[in-house]
Amino acid sequence: MFIRLFIRILAIFCMIGVGILARKIDVIDRNTSNQMSKLITAFFYPALIFTSLVKNFTSTSLLANWVLPVGTLVIMATGYLTGVFCSHMIRFSSAEEKNQFIFQCTTNNYSFLPLPIVLMLWNETGVAKLIFSTLGSEISVWTLGILALTGNRFTKKSLKNFISPPMLAIFAAIIVIIIKDFIKISCISLMTSSIVKEIGTSFFSVIEIFGGATIPIAMFIAGSRMADLKIHNLLTSKQGYLVLLRLLIIPLFTVSILHILPFAQDIRKILIVVAIMPSAVSSVFLSEVYKSDTEFAASAVLTTHLFSLITIPMWLALFIR
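Residues numbered from 1 in each chain as written. Predicted model: local features only at pLDDT ≥ 70, side-chain atom pairs only at ≥ 80, totals over all residues. Heavy atoms only, no water.

Peer 1: Please give an account of the nonpolar core that cites residues and values.
Peer 2: By size, the foremost hydrophobic cluster in this structure holds 78 residues, and its most contacted members are Leu53, Leu113, Leu115, Ile117, Ile312 and Leu316. A per-element tally of this core places helix H6 (residues 114-149) first, with 15 residues. Ignoring anything within four residues of it in the chain, the contact list for Ile117 reads Ile9, Ile12, Val273, Met277, Ile312 and Leu316. (Core = buried A, V, L, I, M, F, W, Y, C linked by side-chain atoms within 4.5 Å. Buried < 20%, exposed > 50% of the residue type's maximum accessible area, 1.4 Å probe, protein only. Helix = DSSP H or I, 4+ residues; strand = E, 2+ residues; numbered from the N terminus. Contact = heavy atoms within 4.5 Å.)

Quick look at the structure:
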């Protein structure tokens, strides 16, 4: 089981490897990588969010799966509390480094890396559930995550980040789902012309194709960003502590909590995949924005992703049957 999962995860990581190679041979530069990251966040990923939710959910099933965003809130809250507790036992060179350590414990790669893994295991239905769970993840990033990154200082700027394209796509999809279900119930669809239906189907198909590019582009760009990360500061005790916490201890705590809570088995499996992920690549960008320890963030991203090649299939083999 472990070997088969390792091979599958390795294949997914090959997309990251292609991005690293492209950056090393100067096919893509840092500026292009940054611009593509913005394009993914502003266009490709919102398209995937919208079509996945509309295609796979109804109003009833959304209400039935409300525990998905709650579950990701639990995951990140567990990481935050663990990071705060452990930070008191580690000597840091600066307050920024300590804040970054807590942030890395709190926030992991909750969307782009789990996407291909969930797609591999549970097809589009699983992807839709994962995407719906990111509602809780986004809330956690801009509350607990920013609290960690800024030393427990919360500003109006943090609240403004809720109005992001992915969040707007989630809310737009929920509205469309409600309208679609209302039309079915009221039998308005019987009065709708075939031309109108064709227009709706055609545009939805185009958006779906557009969103389908999210996973390979995101993994490629993640690789190109990793190629720029500084590696001279990787083999430190603090990075070792972070790898231990982010990939082993926090997932163990979180999975234990998820098994205690009365979640359905399919929902629990999606949340377990989120819980075992390494540090988020976006943490490097957020560290620059909030003037935290960017070098520590970059090192954390690289080290946790490297070791996750072993820990992800290990956790999946233990908990995903």
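Peer 1: Lay out the side chain of Thr304 with the relevant residues and their values.
Peer 2: Along the chain, the position of Thr304 falls in helix H14 (residues 294-319). Relative accessible area serves as the criterion here: at 0%, Thr304 is assigned to the buried category. One polar contact links the side chain of Thr304 to the main-chain amide nitrogen of Ser279, over a distance of 3.2 Å. (Polar contact = N/O pair within 3.5 Å; in protein donor to acceptor, adjacent residues only side chain to side chain.)

Peer 1: Which residues make up the packing of aromatic side chains, and what values do they have?
Peer 2: The tally for this structure, following the rule as stated, stands at five aromatic pairs. Aromatic side chains Phe2 and Phe6 sit 6.2 Å apart centroid to centroid with 20° between the ring planes, which places their arrangement in the stacked category. Placement of both Phe2 and Phe6 in helix H1 (residues 2-24) is noted, with a separation of four residues, approximately one turn of the helix. By relative accessible area, Phe2 is classed as partly exposed at 31%. Relative to Phe210, the ring of Phe44 has its centre 4.5 Å away and its plane inclined at 15°; by these criteria the two rings are stacked. Highlighted residues: Phe44 in helix H2 (residues 30-56) and Phe210 in helix H9 (residues 194-211), separated in sequence by 166 residues. Given the relative accessible area of 15%, Phe44 is considered buried. For Phe210, a relative accessible area of 37% translates into the label partly exposed. (Phe/Tyr/Trp six-rings, centres within 6.5 Å; stacked < 30°, edge-to-face > 60°.)

Peer 1: Residue-level account of the environment of Lys269, with values.
Peer 2: Among the structural elements, Lys269 can be located in helix H12 (residues 265-275). Lys269 sits in the buried class, given a relative accessible area of 17%. In sequence terms Lys269 and Val118 are 151 residues apart; their C-alpha atoms lie 9.5 Å from each other.

Peer 1: Provide a residue-level description of the packing of H1 against H6, including the pertinent values.
Peer 2: Direction vectors running N to C along H1 and H6 enclose 140°, while the axes themselves pass 10 Å from each other. Between H1 and H6, the angle falls in the class oblique. Of the two elements, H1 crosses H6, and the hand of that crossing is right-handed. Side by side, H1 and H6 meet where Arg8, Ile9, Ile12 and Met15 of the first sit next to Pro116, Ile117 and Met120 of the second. Partitioning the contact of H1 with H6 into residue classes produces six nonpolar, no polar and one charged. (Axes fitted to C-alpha atoms, helices over the stretch in contact; angles between N-to-C directions. Parallel < 35°, antiparallel > 145°, perpendicular 65-115°, else oblique. Left-handed = near helix turned anticlockwise from the far one by under 90°. Nonpolar A, V, L, I, M, F, W, Y, C, P; charged D, E, K, R; others polar.)

Peer 1: Quick rundown of a nonpolar patch on the surface? Include the residues and the values.
Peer 2: A cluster of nonpolar residues, Phe2, Ile3, Ile7 and Ile310, forms a patch on the protein surface that exposes about 370 Å² of accessible area. For the nonpolar patch, the element with the highest residue contribution is H1, accounting for three residues. Considering the arrangement of structural elements, one finds Ile310 in helix H14. On the accessibility criterion, Ile310 (43% relative accessible area) is partly exposed. (Patch = residues over 30% accessible without salt bridge, like charges linked within 9 Å, V, L, I, M, F, W, Y side chains within 5 Å. Areas by Shrake-Rupley, 256 points an atom, 1.4 Å probe, with all protein chains shown as cover. Salt bridge = Lys/Arg side-chain N within 4 Å of Asp/Glu carboxyl O.)

Peer 1: Please give an account of the state of the cysteines that cites residues and values.
Peer 2: Scanning the entire structure with this criterion turns up zero disulfides. Residue Cys86 stays outside any disulfide, its sulfur separated by 6.7 Å from that of Cys105, the closest cysteine. (Disulfide = S-S within 2.5 Å.)

Peer 1: Provide a residue-level description of unusual backbone geometry, including the pertinent values.
Peer 2: For Asp26, which is not glycine, the phi torsion reads 65° and is therefore positive. Following the sequence through the fold, Asp26 ends up in the loop between H1 and H2. Overall, Asp26 belongs to the exposed group, its relative accessible area being 61%. For Asn123, which is not glycine, the phi dihedral falls at a positive 60°. Tracing the sequence through the fold places Asn123 in helix H6.

Peer 1: Account for H12, naming residues and giving values.
Peer 2: Burial analysis of H12 places nine of its eleven residues in the buried class, which makes it a mostly covered element. Those residues of H12 not exposed but buried are Ile267, Arg268, Lys269, Ile270, Leu271, Ile272, Val273, Val274 and Ala275. On its buried side, H12 packs onto helix H3 (59-64), helix H4 (67-87), H6, helix H11 (237-260) and H14.

Peer 1: Let's hear about the pattern of salt bridges: which residues, and what values?
Peer 2: The full count for this structure, using the stated rule, is five salt bridges. Here Lys238 makes a salt bridge to Glu97, at a shortest N to O gap of 2.9 Å. Here Lys238, found in helix H11, pairs with Glu97, found in helix H5 (residues 95-106); they are 141 residues apart in sequence, far enough to count as distant. As far as burial versus exposure is concerned, Lys238 and Glu97 are alike and both buried. Among the ionic pairs, Asp266 bridges to Lys129, the shortest N-O distance being 2.4 Å. Separated by 137 residues along the polypeptide, Asp266 in helix H12 and Lys129 in helix H6 bring together distant segments of the chain.

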